[in-house]
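Results of the structural survey
Residues per chain are reported as follows:
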Amino acid sequence: MTQRATVLLHPDFRVGQIDRRVFGSFVEHLGRAVYTGIYEPGHETADEHGFRRDVADLTRELGVTMARYPGGNFVSNYNWEDGVGPVEERKPFIDLAWRTIEPNTIGTDEFLQWAEREGIEPMMAVNLGTRGVAAAAALVEYCNGEAGSRWADLRIANGREKPYGVRLWCLGNEMDGPWQIGHKTADEYGKLAAEAGKAMKLVDPTIELVACGSSSMQMDTFGEWERTVLEHTWDVVDHISMHAYYEELDGDRASFLGSGTAMDRFIRRVVSSADAVGARRRSDKAITISFDEWNVWYLQSRFVGEKNLPLQKDAPRIIEDVYSALDAVVVGDLLVTLLNHADRVPVACLAQLVNVIAPIMTEPDGPAWRQPTFHPFAATARLARGTALDLRVTAPTVTTKQHGDVPLVTAAATLDGTEGAVFLVNRSAEPVEVDLSHPGVALTLARGVQVTADHEAAVEGPDHAARTIAEHVAEVDAPVTAAEPGRTTLTLAPESWLALPTTVTRA
């Protein structure tokens with residue numbers, strides 16, 4: 001018997017405005033994300049600055065609005081001053097995070113100018129692992145200062161007169177993690193972040209600051225870390241970070257397909273932690289979330305771990321996960337979760353952009369191509385505009401090993417004037433009928449994008465990616481099986497993600 005779910009949609013029920021920064025990504029000095037990723041002088045598509053035009057074109061197609069830089073774990077042992085000025089005078093150094101010789105060919109100016117050319121807002125991170133207040137404030141001055149001060153004048157001497165105007169800044173990275181260079185307790189980090197943030201905002205009061213939250217919900221210090229850090233930084237920060245990665249473990253497909261529910265619970269718990277600090281302080285300020293690392297990453301089953309990496313140079317291949325259509329369905333479901341928290345998640349970064357757990361892959365002196373995960377992100381970034389609607393979803397549940405009971409159907413919807421989109425996910429191995437109820441509203445569903453899960457392991461290379469996409473990603477008509485005023489019935493394919501453009505008018 002076909003399972004059924006109900007989704008109630010009305011344009012007056014709203015979550016909040018969608019911040020375009022929720023479609024951000026991440027460029028870290030890790031593996032081939034930078035070198036032979038976005039940057040490869042000598043490549044047939046390289047521009048006059050050495051950046052690959054084929055990668056830039058795919059980045060635009062992906063719909064990336066923002067990029068976080070330079071890390072990630074990398075930033076916690078990075079001296080930004082070593083990466084500015086004449087390239088021929090820069091000295092290579094050992095990046096302790098990923099045990100790689102970093103040539104320092106690409107640094108702050110090169111990245112910010114690439115982002116500017118590509119219409120991408122930069123999100124910069126400062127080193128609060130091995131450095132501190134002075135270096136953080138100096139970097140803000142270098143990026144955003146007007147002529148007449150030491151670090152702004154250095155930027156001008158290096159060839160950039162106009163300030164970059166970087167708005168969004170991360171106060172370190174994953175400082176709760178024992179793997180982090182300069183790892184700190186919540187109390188130690190909170191005090192340092194508060195002082196660094198204070199100094200940075202004295203240089204430029206217009207910037208927004210992100211405090212480090214927990215590296216995952218599984219950290220032993222989760223919850224208490226957020227409370228302690230925000231008690232110290234409440235008056236200076238605007239956002240607190242979240243990081244989460246999901247993978248299929250031991251063939252547990254049901255849990256993997258339920259990853260969006262785990263993300264939803266994580267967001268709700270961090271919001272509750274932040275609001276509890278605000279309540280104790282009798283503050284009306286709302287700390288929002290920068291979900292600046294999220295993706296499918298086979299961390300436990302494929303990655304050898306940072307400590308087991310040999311010391312390497314010349315952009316080694318690290319964490320180059322290849323993705324299946326199943327992974328793409330889960331990525332689409334995670335995007336549904338982010339849209340449903342638009343009121344508290346204005347910033348998010350798919351980690352990462354190129355080669356390293358990325359939707360875009362390249363070969364040195366060779367092609368660039370899309371992984372299956374490229375498509376749900378690109379479609380969502382293109383269609384999800386305006387306001388996220390507050391849907392009411394009633395669906396059967398399934399009990400999973402990792403997440404307990406999860407709904408078999410998830411949904412999100414957006415609306416910008418009369419144009420919008422509906423996003424639907426079927427986590428079940430069988431088709432599901434969805435009654436989309438829209439009382440008092442005429443709803444027209446246009447041709448959209450569907451991703452259906454596969455049952456085979458992903459294989460490296462553009463040929464397998466292209467075949468998987470051809471078989472499991474398609475433009476489709478809305479799968480409507482019945483329609484009447486105020487109600488539209490659709491049948492969702494098994495284990496699928498569906499995005500449909502809509503037109504909404506009041507009846």
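Bear in mind the structure is a predicted one, so any value in this text is a computation, not a measurement. (Residues numbered from 1 in each chain as written. Predicted model: local features only at pLDDT ≥ 70, side-chain atom pairs only at ≥ 80, totals over all residues. Heavy atoms only, no water.)

**What about the overall build of the chain?**
How we decide: Here a strand is any run of E in DSSP of at least two residues, a helix any run of H or I of at least four, and the numbering for each starts at the N terminus. Throughout, the radius of gyration refers to the C-alpha atoms, and the reference size of a globule is 2.2 Å times the residue count to the power 0.38. Between two residues, a contact is recorded if the distance between any of their heavy atoms is within 4.5 Å. Each accessible area is a Shrake-Rupley result for a 1.4 Å probe, and residues are judged covered by the shown protein chains and nothing else. Only four residue types enter the tally: Lys and Arg on the positive side, Asp and Glu on the negative side, with His and both chain ends excluded. For charged residues, the charge sits on one atom: NZ in Lys, CZ in Arg, CG in Asp, CD in Glu.
Each helix and strand counted, the chain has twelve helices and 27 strands in total. The C-alpha radius of gyration computed for the chain amounts to 23 Å, which stays within 12% of the reference 23 Å derived for 507 residues, consistent with globular compactness. C-alpha extents for the chain along the principal axes are approximately 70 × 55 × 40 Å. Of the contacts formed within the chain by residues at least 6 apart in sequence, a portion of 78% connects residues at least 24 apart. For the chain, the exposed surface amounts to about 19,400 Å²; the carbon and sulfur share of it is 50%. Distance between charge centres in the chain, computed from 47 positive and 72 negative side chains, equals 4 Å.

**Points about helix H6 (residues 224-233)**
Because an α-helix completes one turn every 3.6 residues, residues spaced three or four positions apart along the sequence face the same direction. Counted only if it meets this: Here the term buried applies to any residue with accessible area under 20% of the maximum for its type, exposed to any over 50%, and partly exposed to those in between, with areas from a 1.4 Å probe on protein chains only.
In terms of burial, H6 is largely enclosed, as seven of its ten residues are buried. The inward-facing, buried residues of H6 abut helix H5 (186-203), strand E9 (208-211), strand E10 (239-246) and helix H8 (259-280).

**Concerning the side chain of threonine 261**
The criterion, for reference: By the criterion applied in these results, polar contacts are pairs of N or O atoms within 3.5 Å in which, for protein atoms, one can donate a hydrogen and the other can accept it, and in which residues neighboring in sequence qualify only through two side-chain atoms.
As for its position among the elements, threonine 261 is in helix H8. There is a polar contact of 2.8 Å between the side chain of threonine 261 and the side chain of arginine 427. Excluding its chain neighbours within four sequence positions, the residues that come into contact with threonine 261 are Val406, Pro407 and Arg427.

**Overview of the pairing of strand E27 (residues 496-506)**
The following threshold applies: A pair of strands is treated as paired once DSSP finds two or more bridges between them.
Across eight bridges, strand E20 (residues 419-426) lies against E27 in antiparallel orientation. Among the inter-strand pairings, leucine 424 is bridged to a residue of E27, identified as leucine 498. With four bridges joining them, strand E23 (residues 448-452) and E27 adopt antiparallel strand pairing. Bridging from a neighbouring strand, threonine 452 pairs with serine 496 of E27.

**Digging into the UniProt feature "domain: Alpha-L-arabinofuranosidase C-terminal" (unreviewed entry) in the chain**
What counts is decided by this rule: UniProt positions are given in the numbering used here, feature names are shortened, and annotations may be inferred rather than shown by experiment.
The sites that carry the UniProt feature "domain: Alpha-L-arabinofuranosidase C-terminal" (unreviewed entry) are, in the present numbering, residues 292-496. End C-alpha atoms of residues 292-496 are separated by 25 Å, and the span's content is 20% helix alongside 38% strand.

**Comments concerning the environment of leucine 338**
For leucine 338, the position within the fold is in helix H10 (residues 325-339). On a C-alpha basis, the gap between leucine 338 and leucine 408 in space is 18 Å, while along the polypeptide they are 70 residues apart. Every residue in contact with leucine 338, bar those within four places of it in the chain, is listed here: Val22, Met263, Ile267, Phe291, Trp294, Val345 and Ala348.

**Details of the nonpolar core**
Spelled out, the test is: Among the buried residues, those of types Ala, Val, Leu, Ile, Met, Phe, Trp, Tyr and Cys that are joined through side-chain atoms within 4.5 Å form a nonpolar core. Per the annotation, domain bounds derive from an automatic or database assignment of domains.
Trp169, Phe291 and Trp294 are the most contacted members of the largest nonpolar core, which has 129 residues in total. For this core, the leading source of residues is H10, giving ten residues. Shared between two domains, this core takes at least three residues from each, and those domains are domain 1 (3-10 + 389-506) and domain 2 (19-384). Those residues within four positions of tryptophan 169 in sequence are excluded, and the remaining contacts are Met124, Val126, Leu139, Val140, Cys143, Asn144, Met200, Ile207, Glu208, Leu209 and Val210.

**Describing the environment of alanine 412**
Topologically, alanine 412 is positioned in strand E19 (residues 409-416). Each C-alpha atom, one on alanine 412 and one on tyrosine 189, is 36 Å from the other, the two residues being 223 residues apart in sequence. With residues near it in sequence (within four places) discarded, alanine 412 still touches Val336, Leu339, Asn340, Leu391, Ala421, Val422 and Phe423.

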